[in-house]
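If you want the building blocks of each chain, they are given just below.
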Amino acid sequence: MDLNTIWFLLVGVLIAGYAILDGFDLGTGVLHLFTRDERERRVMMNAIGPVWDGNEVWLLTGGGALFAAFPPVYASVFSGFYLAFMLLLVALIFRAVSFEFRSKVDAPGWRRRWDVAFGVGSAVPALLYGVAVGNVLRGLEMDASGVTTTLPGLLNPFALLIGVLGLAMFVLHGASYLALKTEGALQERMRRSASAAWVVFIALYAVSTAASYAVAPYLFEHWLANPLTWVFFALLLASRIAGPWALRAERFGRAFIASAAATLSIIALAAEGLYPRLVPSRPDLANSLTIYNASSTPRTLTTMLVIALIGMPLVILYTVLIYRAFRGKTVITSESY
Amino acid sequence: MDVVLLSRIQFALTIGFHFLFPPLTIGLAWLLVVIEWRGWKRDDPTWVRMGRFFSKLLALTFAVGVATGIVMEFQFGTNWAVYSKFVGDIFGAPLAAEGVLAFFLESGFLGLYLFGRGRVSKGAHWFSILMVAIGSTISAFWILVANSWQQTPAGFVVENGRAELTSFSAAVFNPSTLPRFFHTVDAALIAGAFLVAGVAAWLLRKNREDELARAALKLAIIFGLVASLTELFPFGHIHARQVAHTQPEKFAAIEGLYTSQSAAPMVLFAYPVTPPPELKAKVEIRGVLSWMAFGDINAPIRGITDFPPENRPPLWLTFVSFHNMVVLGLYFIAVTAFGAWRIRRGRLWESRRYLTLLIVSIPLPLAACQLGWMAAEVGRQPWIVYGLLRTSDAVSKVVPAGDVLFSLLLFGLLYLLLGVLYVYLLVREIRHGPPAPAPAPASA
């Protein structure tokens, strides 16, 4: 396996890691928007309170890794999606500060406003990430100076479909997480939301796959021949069965693992189709940015690999330990948000 | 307005606002390492309550720091795509390393520190604030590696239309990395010290929490004195020497040396005007600059007129920001030295005027940080990578000026709101004061 492929995988791992971790934070935020009871909203926020910041780091590290390994991709995609990116950043800023700001003033108007900031600050990224992925999969108009698709062009039906798919995925994952971390009526509602989300998510995934075939057939070039496709498809199918079953059986740990596995599967399947391209170009695929024509030098890729091989296992280790310290149901204390 | 100017203003605004928070985070985190250690090892409720109090200020500061930091990770790509493609092989790696080695550490363990009291052992809880302090310091290291490479690039060759890495260690430990790392982190310690000192002084003025506030004030003054002294010598001095040796245009601009000369003077006060470059109302000491920069009173130093005009940085801003930063640095030494002298006399908290001075001095280290960075970054112009790529050639070509104007105004308004809210909430937390002592156990 060459260095460029290794880095394709590592960036993919960072993206999948982000979706699995901050994914349930975003999903919680969306669900929070539709929760009426103030106490329930507080519990939901505190369910992710100690871990959301570490989760969001996967996005920053993913961005940094993309910059380090595939600078032209980082530059083209981020400048090409400029206004959408700015909107994403503003949403993430509001979400980040809403945790700290919300409980600081004991006035209902204040709390409600920061609840909305938290909810919208979660929903907008949850939608936009899928829109961005959809656009990348569909292909972007590019010339020598970069990506030339404008904002209206980025909001095409296919990208919006993937956006909604992503939103459904995050809501499913968030509800599964909350079913694990809460009790009583709230837990019951989350259980039912997760069950409903499974249906919507899988239906949207089926439609999205069909739409991808119509819009970007090159994604399927090696798909069926690749054994990994069948592995992840099987994983997706298994989680589709295991997830709703686990929710019914109230085995919420397993339900959460199922939604995480589903998240991983659809990202892996998309990545497979994309490989070895990173940013397909339209209408002429020949101008695509690939892991070979848009990468850093072997020296840089190797150096970064060493840093990653030292750093990431440490990250996994202490992240697991920190999550373990917060295992169990969410409890509101004097230190809570 | 052109896209280069707008992008530069936006970068300056976003990084300037962001950099109000990491210095406080780093400084406060290290102080909390000491505070929480005492609370744990001495089993002293005063220190534990002090820790809980200041951890709330840390939490608020960290949140705004993270929020405004996300923007920075992506702004190289959004607004400086040409730059990103040119330097990505070298510049991207420290940013990724910052994520892997620092961000995960500080953000992960902050959650444990803020919410884990009682859930984990006291030793593990103290360990978590140590990891926050170390993580934020490692973060400073890697981002300074990246910025220092822009100032004094090394370990690369230009090939295939881009800068390509030839030696990672040469690129990481380029001539300016270490001087700037120590100088910047020490500045953060000063910022943290003055925040704690000012807050403690405020509590004392209100005759609240005397025991806790006195202990905090004493710690902050000693901490602040050591940090302020070392910030000048050796760190400030070493950094200035590095600029003199490796960035002569910047050195000439910040020091106001306009004509090349031996026995170059150190300018204590002046008002720069152009054209032609000239200092009005000058107060200077001959020979001191040559001596400090090169160890020889008669050493020749190149003046700004020795460089072609298109390679000179803006003179007024660099001179004024640098000199005011130094003035503030001297002020910090004076204020903390006075406090330390008072501690020796056992009369630290008796002067209400001194306490008031400490309160109003809280934001001054942050002002010094902003001024220092202005000197550093404006002093590097017109280069985005010194000697290699000009700032005006580095912006994203596909982003129209109108889009940048929009995002600039958006961030401007958003950061104004965040700034006001941050100060408002910080003051509220301070007014609320430390948490009440735990009730004494009922007698049997």
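Since the model is a prediction, treat every value here as computed from it, not as a measurement. (Residues numbered from 1 in each chain as written. Chains lettered and ligands numbered in written order. Predicted model: local features only at pLDDT ≥ 70, side-chain atom pairs only at ≥ 80, totals over all residues.)

Chemist: Report on the overall build of chain B, specifying residues and quantitative values.
Modeler: A tally of helices and strands in chain B yields 14 helices and six strands. Radius of gyration (C-alpha) of chain B: 23 Å, near the 22 Å computed for a compact globule of 444 residues. Overall size of chain B, expressed as C-alpha extent along the three principal axes, is 85 × 50 × 40 Å. Burial status across chain B gives 56% buried among its 444 residues. (Helix = DSSP H or I, 4+ residues; strand = E, 2+ residues; numbered from the N terminus. Rg over C-alpha atoms; globule rule 2.2 N^0.38 Å. Buried ≥ 20, exposed ≤ 12 C-beta atoms within 10 Å, placed from the backbone.)

Chemist: An account of the overall build of chain A is requested, with residue identities and associated values reported.
Modeler: The number of helices and strands found in chain A is twelve helices and five strands. Scaling as 2.2 N^0.38, a compact globule of 337 residues should have a C-alpha radius of gyration of about 20 Å, and chain A matches this with 20 Å. Summarising its shape, the C-alpha atoms of chain A cover approximately 55 × 40 × 40 Å along the three principal directions. In chain A, which comprises 337 residues, the proportion classed as buried is 56%. In chain A, the proportion of contacts linking residues at least 24 apart, taken out of those at least 6 apart, comes to 78%. (Contact = placed C-beta atoms within 7 Å.)

Chemist: With reference to specific residues and values, describe the pairing of strand β1 (residues 156-159) of chain B.
Modeler: Looking along a regular strand, one sees side chains alternate from face to face of the sheet. All names here are of chain B. Relative to strand β2 (residues 162-165), β1 runs antiparallel, the two being bridged by four bridges. Each bridged residue has a counterpart across the sheet, and for V157 the counterpart in β2 is E164. A loop of two residues connects β1 with β2, the two strands running antiparallel in sequence, and N160 in this loop sits at a positive phi of about 55°. (Pairing = 2+ DSSP bridges.)

Chemist: Before we move on, can you summarise the packing of helix α2 (residues 21-41) of chain B against helix α5 (residues 122-151) of chain B with the specific residues and values?
Modeler: Residues and elements named next belong to chain B. For the pair α2 and α5, interaxial distance at closest approach is 9 Å and the crossing angle is 155°. In terms of their interaxial angle, α2 and α5 are classed as roughly antiparallel. The way α2 lies across α5 gives a crossing that is left-handed. Residue-level inspection shows P22, T25, I26, A29, W30, L32, V33, E36, W37 and W40 of α2 in contact with α5, the latter providing K122, G123, W126, I129, L130, V132, A133, S136, T137 and A140. (Axes fitted to C-alpha atoms, helices over the stretch in contact; angles between N-to-C directions. Parallel < 35°, antiparallel > 145°, perpendicular 65-115°, else oblique. Left-handed = near helix turned anticlockwise from the far one by under 90°.)

Chemist: For helix α5 (residues 82-102) of chain A, give the residues involved together with the corresponding values.
Modeler: The end-to-end C-alpha distance of α5(A) is 30 Å, a good match for the 30 Å that 21 residues give at a rise of 1.5 Å each. When you tally the buried positions in α5(A), you get 17 out of 21 residues, the bulk of the element. (Expected span 1.5 Å × (residues − 1).)

Chemist: Can you break down the interface of chain A and chain B residue by residue, with the values?
Modeler: Taken together, the contact pairs 55 residues of chain A with 55 residues of chain B. Looking at the side of chain A that touches chain B, the elements with two or more residues in it are α3 (52-69), α4 (71-80), α5, β2 (146-147) and α12 (298-325) of chain A. Of the residues belonging to the side of chain A that touches chain B, the class tally is 33 nonpolar, 17 polar and five charged. (Nonpolar A, V, L, I, M, F, W, Y, C, P; charged D, E, K, R; others polar.)

Chemist: So what's going on with the confidence of the model for chain B? Which residues, and what values?
Modeler: Counting all residues, the mean pLDDT for chain B is 95, and 99% of those residues have values of 70 or more. For this predicted complex, the interface confidence comes out at an ipTM of 0.94, alongside a pTM of 0.95. (pLDDT = per-residue confidence, 0-100.)

Chemist: Would you mind going over the sheet that holds β2(A) in detail, with residue names and values included?
Modeler: Across a sheet, paired strands are connected by hydrogen bonds in the backbone, their directions being either parallel or antiparallel. Residues and elements named next belong to chain A. Taken together, three strands build an open sheet; the order of strands is β2-β1-β4 and the sheet is mixed. The strands lining the two open edges of the sheet, one partner per strand, are β2 and β4 (281-282). Both strand β1 (residues 140-143) and β4 contribute to a ladder of two bridges, which runs parallel. In the sheet register, L140 faces β4, and the bridge partner there is S281.

Chemist: If you had to explain α12(A) to someone new, which residues and values would you point to?
Modeler: Between its first and last C-alpha atoms α12(A) spans 40 Å; for 28 residues at 1.5 Å apiece the expected length is 40 Å, and the two agree. A308(A) marks where α12(A) bends most, by close to 25°. Regarding α12(A), the residues found buried are T300(A), L301(A), T303(A), M304(A), A308(A), V315(A) and I322(A). In this fold, the buried residues of α12(A) make contact with α1 (3-33) and α3 of chain A together with α4 (81-115), β2 and α6 (168-172) of chain B. (Bend = angle between axes of the 7 residues up to and from the residue.)

Chemist: Can you tell me about the nonpolar core, naming the residues and giving the values?
Modeler: If you look at the biggest cluster of nonpolar residues, it comprises 272 residues, and the most contacted ones within it are A193(B), V196(B), A197(B), A200(B), L217(B) and A220(B). Per-element tally for this core: the top contributor is α4(B), with 22 residues. (Core = buried A, V, L, I, M, F, W, Y, C linked by C-beta atoms within 7 Å.)

Chemist: Report on unusual backbone geometry, specifying residues and quantitative values.
Modeler: All names here are of chain B. In this structure, the amide linkage connecting F233 to the following residue, P234, adopts the cis form with an omega of 10°. Among the structural elements, P234 can be located in helix α8 (residues 210-246). Backbone torsion omega between Q381 and P382 reads 10°, so that peptide bond is classified as cis. In this fold, P382 is placed in the loop between α13 (364-378) and β5 (383-385). Not every positive phi belongs to a glycine, and A263 is a case in point at roughly 50°. With respect to the helices and strands, A263 occurs in the loop between α9 (248-255) and β3 (266-273).

Chemist: Tell me about the environment of W223(A), and name the residues and values.
Modeler: Residue and element names in this part refer to chain A. Relative to the elements of secondary structure, W223 occurs in the loop between α9 (184-215) and α10 (227-248). In this structure W223 comes out as partly exposed when scored by C-beta crowding, with 15 C-beta atoms within 10 Å. In this structure, the C-alpha to C-alpha distance between W223 and E272, residues 49 residues apart in sequence, is 7.1 Å. W223 has contacts with T229, E272 and G273, leaving out every residue within four places of it along the chain.

Chemist: Let's hear about the packing of α9(A) against α10(A): which residues, and what values?
Modeler: Residues and elements named next belong to chain A. α10 packs onto α9 with a crossing angle of 160° between their chain directions and a minimal axis gap of 9 Å. If you check the angle between α9 and α10, you find them roughly antiparallel. Considering only the axes of α9 and α10, their crossing is left-handed. Across from R191, A194, S195, W198 and I202 in α9, the residues of α10 making contact are R240, G243, P244 and L247. Broken down by class, the residue content of the contact of α9 with α10 amounts to five nonpolar, two polar and two charged.

Chemist: Would you mind going over the environment of F232(A) in detail, with residue names and values included?
Modeler: All names here are of chain A. Looking at the secondary structure, you find F232 in helix α10. Linking F232 and I267, residues 35 residues apart in sequence, is a C-alpha distance of 9.4 Å. Setting aside residues no more than four positions away along its own chain, F232 makes contact with S265, A268 and L269.

Chemist: Explain the environment of L95(B) to me, and be specific about the residues and the numbers.
Modeler: Tracing the sequence through the fold places L95(B) in helix α4. The residues contacting L95(B), other than those within four sequence positions of it, are G64(A), F67(A), A68(A), E73(B) and A146(B).

Chemist: Talk me through the confidence of the model for chain A; I want residue IDs and the actual numbers.
Modeler: Averaged over all residues, the pLDDT of chain A equals 95, while 100% of them reach at least 70. Per-element confidence in chain A is highest for helix α8 (residues 157-181) of chain A, whose mean pLDDT is 98, and lowest for β2(A), whose mean pLDDT is 86.

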